[in-house]
Amino acid sequence: MPKRDRWEERNGDSGAAPAPHWDEAPRIRALITAYEGVPGALLPILHAIQDELGYIDRRAIPLVAEGLNISRAEVVGVIGFYTDFREEPPGRHVLKVCRAESCQAMGCEPLAEHLQSRLGVEMGGTTADGEVTLETVYCLGNCALSPAVMLDGRLYGRVTPARAEALLVGARP
Amino acid sequence: MTRVFVPADAAALSVGAEDVAEAIAREAAARGVAIDLVRTGSRGMFWLEPLVEVETPAGRVAYGPVSPAEVPALVDGGLFEGKPGPGCLGLTEAIPYLANQERLTFARCGVIDPFSLDEYRAHGGYRGLDRALAMMPGEVVEEVVASGLRGRGGAGFPTGVKWRTVLAQPAGQKYIVANADEGDSGTFADRMLMEGDPFLLIEGMTIAGIAVGATKGYIYIRSEYPHAFRAFTRAIHIARGAGLLGEDVGGGGRAFDIEARLGAGAYICGEETSLLESLEGKRGTVRYRPPLPAVEGLFGQPTVVNNLLSYAAVPTILAEGAAFYANYGMGRSRGTMPLQLAGNIRQGGLVEKAFGITLREAIEGFGAAPPAAAPFAPCRSAGRSVRTCRMRSWTPPSTTRRWLP
């Protein structure tokens, strides 16, 4: 498919048509307004949207572009550049496994293998029941207590496969 | 009242410090003992975390690693009195790992409540800023030049010379940017300071602002450090509330404020020009140089971009004088360097030493890596750009210098 068509498919229209109704739009507009007058506010705004929705809904893109007076292509470009910004909702829990050098020296690879087979997903995937998204991260700054993982924003150190499973059991209802 | 210290550093919490703190509070309440439970940063001895300390007339006594289940027995054994026994490590400051360090930047980390300005001041904080406020901007810059401080981000460019360039730019909006995009594996010094002594960084950035005539500072923190971001943001609010950031910093008639910004998972943003692009709300692509950021940096204005550890060294330089700081170190590398030992090593943690320590001293001495057991053990002495070396190839101090920054 030509590049331009793909972009349009992902982002709705080619500019002329009015934005379709979206229930979240007022909430997102309010988030954007809070950054009025803040220079270079695109990243903080995208973080705020993701904190609110769990991901960056593509329907938010024209609102952000309008609020900052930049093109939608610029917003899409920034979202695509930074690995943190998701374009799809993640699982209810996000488990990030550190696979940088220090954690490698302490066995993060067997840990990652174990989690992938137990959850039945590849790194970057979400379990079929939508409970857990498993991700790779490069360094959580807990290198003296490797291997490290982060579950829903909380850091854990000296994580064995058994401890990782216990964490997941504790997080799920 | 007995003061008991438990770290609230992310690494300590990652191995159960919160549960330990709760268990201690519970035991104290059950026994009717009034304690003052202080949450600190980490001392940087991570193999001993969660580390619990108790204040005694002789000094602080350490216990560690402590698990929540062990707390009742430790209290029975006299933890609240600092009595020796199983799990007791004696006086914290006498533990060789700490006693053999030369801590200037990390002097307060793990010692004080990171959100208490009173404690920060009581341990020497804001003396550097007070002195800087009484000096001419150019004098502050020359003090940093004279200290020999070189950028702690890795390139080692003289910090004071960079500041001189920004000071020399025509008056107008200038910026201070702190690079806390600590992305290389094995590094955690920035994170420890943001969580354990954030006022030190605020003071260092403020001195930089006063020195070059910048009124606004940004700290760019990587998103993998949500705990550090929250801690630092909290410290900014406290400093602003106390008049140490804002329109009239410390009553000295100069304006300076700081905004903490969160990265978004791009390793390249640790490079200074990509970081500036990211702060401007763009993709983190590298800029061509020249112009240098010191001439045309953030939003096209003259900008000091330094590693967070460079700013953290500045309050000591101003408070004690350039000569004091320059007295540490060797050759063209003056002062101290926080080393971080990590990976498959017995005593991983933070070691602050004057430049001149050898890799062997760091890894075998502090890290307690067995010298005979692994003669071919590979070692990385810096980030991803530095090649891996083998233990056997570590040569005597005169030639190991090429491995050091």
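Remember, predicted model here, so these are calculated numbers, not experimental data. (Residues numbered from 1 in each chain as written. Chains lettered and ligands numbered in written order. Predicted model: local features only at pLDDT ≥ 70, side-chain atom pairs only at ≥ 80, totals over all residues. Heavy atoms only, no water.)

Trainee: How should the overall build of chain A be read in this particular structure?
Mentor: Helix and strand counts for chain A come out as eight helices and four strands. If you list the helices and strands of chain A from N to C, you get α-α-α-α-α-β-α-α-β-β-β-α. The proportion of buried residues among the 173 residues of chain A is 47%. The contacts in chain A between residues at least 6 apart in sequence include a share of 60% that link residues at least 24 apart. Put simply, chain A shows about 8,900 Å² of open surface, and 51% of that area lies on carbon and sulfur atoms. (Helix = DSSP H or I, 4+ residues; strand = E, 2+ residues; numbered from the N terminus. Buried < 20%, exposed > 50% of the residue type's maximum accessible area, 1.4 Å probe, protein only. Contact = heavy atoms within 4.5 Å. Areas by Shrake-Rupley, 256 points an atom, 1.4 Å probe, with all protein chains shown as cover.)

Trainee: Teacher, can you tell me more about unusual backbone geometry here?
Mentor: Keep in mind that most residues, glycine aside, have a negative phi and that most peptide bonds are trans. Of note, the bond from B:Glu49 into B:Pro50 is cis; its omega dihedral lies within 30 degrees of zero at -5°. Note that B:Pro50 resides in the loop between β2 (35-40) and β3 (52-56). Put simply, B:Gly64 and B:Pro65 share a cis peptide bond, and its omega is -10°. Checked against the element boundaries, B:Pro65 lands in the loop between β4 (59-63) and α3 (71-76). Not every positive phi belongs to a glycine, and A:Asp152 is a case in point at roughly 50°. Here A:Asp152 is to be found in the loop between β3 (149-151) and β4 (154-156). Judged by relative accessible area, A:Asp152 falls into the partly exposed class, the value being 41%. Even without glycine at this site, B:Tyr126 takes up a positive phi of about 65°.

Trainee: Please explain the environment of B:Ala235 as it appears in this structure.
Mentor: All names here are of chain B. When you line up the elements, Ala235 lands in helix α11 (residues 226-241). Overall, the relative accessible area of 0% leaves Ala235 in the buried class. Measuring from C-alpha to C-alpha, the distance between Ala235 and Ser116 comes to 9.0 Å, with 119 residues separating the pair along the chain.

Trainee: Looking at this model, I keep getting lost on the nonpolar core. Mind explaining?
Mentor: Taken as a class, soluble globular proteins show a tendency for nonpolar side chains to be buried jointly. By size, the foremost hydrophobic cluster in this structure holds 80 residues, and its most contacted members are B:Trp163, B:Met194, B:Ile202, B:Ile219 and B:Phe232. Sort the elements by how many residues they give to this core and helix α10 (residues 198-212) of chain B lands first, with 10 residues. The contacts of B:Phe232, once residues within four sequence positions are left out, are B:Met194, B:Pro198, B:Leu201, B:Ile202, B:Ile219, B:Ile221, B:Ile258 and B:Ala260. Counting 38 residues, the second-largest nonpolar core is a separate cluster that includes A:Leu42, A:Leu43, A:Ile56 and B:Tyr220. (Core = buried A, V, L, I, M, F, W, Y, C linked by side-chain atoms within 4.5 Å.)

Trainee: Sorry, what's going on with the domain arrangement of chain B here?
Mentor: Often the size quoted for an interface is simply the accessible area lost on bringing the parts together. Residues and elements named next belong to chain B. On domain assignment, one finds that chain B holds domain 1 (2-99), domain 2 (117-327) and domain 3 (333-403). Residue-level contacts link five residues of domain 1 with eight residues of domain 3. The junction of domain 1 with domain 3 conceals about 500 Å² of combined surface from both sides, 57% of it contributed by carbon and sulfur atoms. Applying the counting criterion to the domain 1 and domain 3 interface returns zero salt bridges. For the side of domain 1 that touches domain 3, a count of residues per class yields four nonpolar, one polar and no charged. (Domains from an automatic or database assignment. Buried area = accessible area lost by both parts, 1.4 Å probe. Salt bridge = Lys/Arg side-chain N within 4 Å of Asp/Glu carboxyl O. Nonpolar A, V, L, I, M, F, W, Y, C, P; charged D, E, K, R; others polar.)

Trainee: Whenever I open this one, the sheet that holds strand β6 (residues 175-180) of chain B confuses me. Can you help?
Mentor: Two pairing modes exist for strands in a sheet, parallel and antiparallel, and in both the strands are linked by backbone hydrogen bonds. All names here are of chain B. Strand order in the open sheet formed by four strands is β8-β7-β6-β9, with parallel pairing between adjacent strands. The strands lining the two open edges of the sheet, one partner per strand, are β8 (257-262) and β9 (303-307). Here the strands of the sheet are splayed against their neighbours by 20° on average, with no regard to which way each runs. Note that β6 and strand β7 (residues 216-221) share six bridges and pair parallel. Across the sheet, the residue bridging to Asn179 is Tyr220, located in β7. (Pairing = 2+ DSSP bridges. Axes fitted to C-alpha atoms, helices over the stretch in contact; angles between N-to-C directions.)

Trainee: What should I look at first to understand the interface of chain B and chain A in this one?
Mentor: At the junction of the two partners, chain B supplies 47 residues and chain A supplies 36 residues. Taking both partners together, chain B and chain A bury about 3,000 Å²; carbon and sulfur atoms supply 56% of that area. Remark: the boundary between chain B and chain A carries zero salt bridges. Seen at the junction of chain B and chain A, the total is 21 residue pairs in polar contact (both at pLDDT 80 or more). Going through the elements one at a time, α1 (10-14), β7, β8 and α12 (272-279) of chain B are the ones with two or more residues in the side of chain B that touches chain A. Residues belonging to the side of chain B that touches chain A are distributed by class as follows: 19 nonpolar, 16 polar and 12 charged. (Polar contact = N/O pair within 3.5 Å; in protein donor to acceptor, adjacent residues only side chain to side chain.)

Trainee: I would appreciate a short explanation of the environment of A:Lys96 in the present structure.
Mentor: Here A:Lys96 shows up in strand β1 (residues 93-98). The contacts of A:Lys96, once residues within four sequence positions are left out, are A:Glu135, A:Val137, A:Leu140, A:Ala148, A:Val149 and A:Met150.

Trainee: Is there a simple way to think about the packing of helix α9 (residues 189-196) of chain B against α11(B) in this case?
Mentor: A pair of packed helices is characterised by two quantities: the angle between their axes and the separation of those axes. Residue and element names in this part refer to chain B. Between α9 and α11, the shortest axis-to-axis distance is 8 Å and the interhelical angle comes to 40°. It follows that α9 is oblique to α11 by the angle criterion. Relative to α11, the crossing made by α9 is left-handed. Judged by residue contacts, Arg191, Met194 and Glu195 of α9 engage His227, Ala228, Ala231 and Phe232 from α11. Within the contact of α9 with α11, the residues separate by chemical class into four nonpolar, one polar and two charged. (Parallel < 35°, antiparallel > 145°, perpendicular 65-115°, else oblique. Left-handed = near helix turned anticlockwise from the far one by under 90°.)

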